[in-house]
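Chain and residue survey
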Amino acid sequence: SMAAVLEPLKEAGDPAGEGVELVGGDGAVRKVYPILAAYIADYPEQCLVTCSKYGTCPKCQRKATELEERTPGAPRKQTWTEGVINDARSTAKRNPRSGSTAVHKLCMKQDVAGGAYQPFWVGFPLTDIHRCIAPDVLHQLYQGVLKYIVLWGQKVMTEEELDQRICSLPPASGVRHFKNGISGLSQVSGVERKHITRIILSCVVGKIHPRGITACRSLLHFIHLAQYPSHDEDTLSYMLQELNTWHDHRSYFIQEKVREEFNIPKFHSLLHYVDSIRWIGSLDNTNTEMFERLHIDFAKEGWRAS
């Protein structure tokens, strides 16, 4: 489906072609060469689109057991991924008895999820699908990182004690008052998690060691810094500083036996945020939160009317 929808972009974006004429905001007609520059999706779709093994990084070649490293691995390149899939197809073709899943098995040895199908992005000019994958504030930060912070706080304390502290907070303007705590919430929305972000740190003070507080605070700072509507090298350096602080103090949760390791794809994705912001701009342009709202209009309302 994606190959059919985006097929016209291949010819239009070809630098050697004629391009297409488009009217700009000032009314002038210009010849442009549109290219696929950003792909907005949650983690399962990122792996699916980039032909990456689930549990690994769709942007670099770190193994699933190496995601806790402080630096990203060698970048995945579209040409590299194509080469792995083509080599697997050639090998499988020479051994016809290997079965229909042979290509997939050979690709998975290099953490590539290839198969008999052709990825839709093959043939796009000036495009690297791995570099196009955009950070996802909603699923990676709020539904990912923050979710773990709350879970770890509940384990170091107890769910009941954390709920009691949250209930005892005085109501404040602009902050939701969780009168029954948060442990009983089901299908927590992104808006609710934003409100939890504003109160969670104050509710663990005095119950978690200062190293744990520092680790959590650095992640919360990173979440807010990542959402700046504009960036420069100073703000990007602040993000890197908070990430380094997290790496310096995260061992507290291992010492408390809350975690055994940090090979978590959503935490590893933070290592790519600064480069992605330099590449495609501030994250308010690529946050899936704005597109989740369209599910109501295009999917739910359409289904109810059918």
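About the criteria used
Residues numbered from 1 in each chain as written. Predicted model: local features only at pLDDT ≥ 70, side-chain atom pairs only at ≥ 80, totals over all residues. Heavy atoms only, no water. 1 Å grid on protein atoms, 1.4 Å probe; cavity = no way out; pocket = protein on both sides within 12 Å on 5 of 7 lines; lining within 4 Å. Points joined across faces, edges and corners; volume = space filled by probe spheres on them. Helix = DSSP H or I, 4+ residues; strand = E, 2+ residues; numbered from the N terminus. Nonpolar A, V, L, I, M, F, W, Y, C, P; charged D, E, K, R; others polar. Phe/Tyr/Trp six-rings, centres within 6.5 Å; stacked < 30°, edge-to-face > 60°. Buried < 20%, exposed > 50% of the residue type's maximum accessible area, 1.4 Å probe, protein only. Patch = residues over 30% accessible without salt bridge, like charges linked within 9 Å, V, L, I, M, F, W, Y side chains within 5 Å. Areas by Shrake-Rupley, 256 points an atom, 1.4 Å probe, with all protein chains shown as cover. Salt bridge = Lys/Arg side-chain N within 4 Å of Asp/Glu carboxyl O. Axes fitted to C-alpha atoms, helices over the stretch in contact; angles between N-to-C directions. Parallel < 35°, antiparallel > 145°, perpendicular 65-115°, else oblique. Contact = heavy atoms within 4.5 Å.

1. Digging into the layout of surface pockets
- Reported here for the largest pocket is a volume of approximately 330 Å³.
- Around the largest pocket sit 15 residues that line it, and Lys59, Pro75, Arg131, His272 and Asp275 are the ones nearest its centre.
- Broken down by secondary-structure element, the contributors of at least two residues to the lining of the largest pocket are helix H5 (129-132) and helix H13 (273-280).
- With four residues, the single largest contributor to the lining of the largest pocket is H13.
- Grouping the amino acids of the lining of the largest pocket by side-chain chemistry returns four nonpolar, four polar and seven charged.
- Lining of the second largest pocket is provided by Leu36, Ala38, Tyr39, Ile40, Ala41, Asp42, Glu45, His139, Thr288, Phe291, Glu292 and His295.
- Within the lining of the second largest pocket, the residues separate by chemical class into six nonpolar, three polar and three charged.

2. Considerations on the packing of aromatic side chains
- In the structure shown here, the tally under the stated rule is 13 aromatic pairs.
- Between the aromatic rings of Trp246 and Phe267, the centroid separation amounts to 5.5 Å while the plane-to-plane angle is 35°, which identifies the pairing as tilted. Here Phe267 lies in helix H12 (residues 265-268) and Trp246 lies in helix H10 (residues 233-249), a separation of 21 residues in the sequence.
- Accessibility expressed as a relative area gives 3% for Trp246, which makes it buried.

3. Thoughts on a nonpolar patch on the surface
- The grouping of Met290, Phe291, Leu294 and Phe298 at the surface amounts to a nonpolar patch, some 400 Å² of accessible area in total.
- When residues of the nonpolar patch are traced back to their parent elements, those giving at least two are helix H14 (289-292) and helix H15 (294-305).
- Within the secondary structure, Phe298 sits in helix H15.
- Assessed through its relative accessible area of 66%, Phe298 is described here as exposed.

4. Considerations on the packing of helix H8 (residues 190-204) against helix H9 (residues 210-226)
- Running from amino to carboxyl end, H8 crosses H9 at an angle of 170°, the nearest separation of the two axes being 11 Å. On the basis of their axis angle, the class for H8 and H9 is roughly antiparallel. Note on element contacts: H9 touches H8 through Ile213, Cys216, Arg217, Leu220 and His224, opposite Thr197, Ile200, Leu201 and Val204.
- Residue composition of the contact of H8 with H9, grouped by class: six nonpolar, two polar and one charged.

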